[in-house]
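# Breakdown of the fold
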Amino acid sequence: MDRRLLLQLLASGVSLTAAPTAVWAQQSERDSQRVTRHPNAGGKGSLPLSTRESLLAELRELQSATRARRRRYCHLTQPGWPDGAKIAVNFTFDVDHVLSRTANDEPPMQVAKGEFGGRVGAWRTLDLLERHGIVGTFFTPGRTVHLYPAVLHEIAERGHEFADHMWEHYVPADPMVQRDHMLRTRDALTELAGRPPVGTRSNYPDDLVLDMGYIYNSHGFAAPLPYKLKHDDKELLNLSVHLAIDDAMYFNYGWIGSAASAQRLSDQELVLDIWWQAFEQQYDAGGYLNIALHPFIIGHSARIAMLDELITRMKSLPGVWFASSEEVARHCLALPSDAFACNED
C-alpha cells in the first residue's frame, strides 16, 4: 500500500478493521498494476508481496509507537512564574565560535568568522548583559574552554551560567565516545565555573544526559512552554527553543561552497520585528521565550544594537522575569505535578 494512504488512515483515526471497502479496493487495483510479484510454490501465477493483513499490522505498529512516544511528554500548563511575572525570558548563547566551522572543513577566512566570536563578539555580548543586569546561559563546547580561556573566565567572573554544548560541537555515533565527550566537557566547565553544569543543549540520548546529573536540555520545540520527558522512572525538563528565535537562521552567511540554504543575510529591523512579535504573543499568553544567540553572529555592532533595543522594549513592560536556564528549570521542576498535563494515550 502507498504509505501516504497509511498515514492518511492513521491521521484520520479510523478503525483499522473498519476502513472503507472502497479504500482497500482502490488500493488493491493500484497494487495489481505496480506491486512486485514472485512465483508461488507451484510455479503457477504470482502473489502480491503486500497484503491487507500485513498493512493493518504495520498501521497498528505505527499507532502503538506514536502512543508510546506521546506518553513520554508532560506539558507545562500552569507556569506560575516567580513574583507573579507574566513571562520568563532566557537569553542563551551557543559558544561554538570556530568549532562548527572547522568541523565543516571551511576555508580560513570563514573560520575567522568564528574567531570573531571569541575575540570580539563575546565581549560585546557580556557588556550588553551587564548594562541590563541580565544573567545569561552560555552553552559551551568543552574544547572552547581551552581555545578562548580569557573570555570564558570573564563569563564566569560575571556570574553567568555555563551549560554543556558537546565537546567539539557534534555528537559522536559511538556510545562510549559520547560518554567520554560528555565527561570531558563536564570536567572542563566544572573547573572553569567552580561548580558542575546542570544542563545541556545537545541531542545526546536522554539516559546519558540524566546519567551526567543534568536536569534540563534545551533542544527541540514540542511546545512553547517547557515540558518534561519521561525516561523510565526519571524526568528530563526541556526548555523549548525555536529556530525562528535563533540568530543563525538570519545572519549566518555561509561561505561560497555552502548550500544555498546556508546563505542567510537579513535586515536587523526585520529580525527585531519578528522577535518582538514573538515576545508579545508569549507575554500575553503568560508564557516563555528562549532566545538562542551566537557571539560570533550577534556580536557584530549593528546586531548588538538590535538586541539592545529588544531588551529595552521588554524591560518597558511589567512582569518580565529575565532568568538563567537553570533558574527556569529549577522553578519548573519544583512545581506540583498538576502544573503539567501528561499524555496518557
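The structure under discussion appears in the preceding block.
A brief structural summary.

What counts and how
Residues numbered from 1 in each chain as written. Predicted model: local features only at pLDDT ≥ 70, side-chain atom pairs only at ≥ 80, totals over all residues. Heavy atoms only, no water. Helix = DSSP H or I, 4+ residues; strand = E, 2+ residues; numbered from the N terminus. Expected span 1.5 Å × (residues − 1). Buried < 20%, exposed > 50% of the residue type's maximum accessible area, 1.4 Å probe, protein only. Arc of directions from axis to C-beta. Lys, Arg positive; Asp, Glu negative; His and termini not counted. Salt bridge = Lys/Arg side-chain N within 4 Å of Asp/Glu carboxyl O. Contact = heavy atoms within 4.5 Å. Pairing = 2+ DSSP bridges.

### A few points about helix 13 (residues 301–315)
For helix 13, with 15 residues, the first-to-last C-alpha span of 21 Å sits near the 21 Å given by 1.5 Å per residue. Taken residue by residue, helix 13 has R303, I304, M306, L307, L310, I311 and M314 as its buried positions. Taken around the axis of helix 13, the buried residues stretch over an arc of 155°, which confines them to a single face.

### Considering the side chain of D96
In this structure, D96 sits in the loop between strand 4 (87–94) and helix 4 (99–103). Although D96 is buried, it makes no salt bridge; R201 carries the closest opposite charge, 8.0 Å away. Non-local contacts of D96, meaning those with residues more than four positions away in its chain, are made with P141, T144, H165, H169, H294 and F296.

### Here's the deal with the pairing of strand 11 (residues 288–293)
With 6 of 6 residues buried, strand 11 is to be regarded as a mostly interior element. By the alternation rule, side chains of strand 11 split into Y288, N290 and A292 and L289, I291 and L293, which are all buried. Sheet topology note: the strand 4/strand 11 ladder contains 6 bridges and is parallel. Pairing of V89 across the sheet is with L289, part of strand 11.

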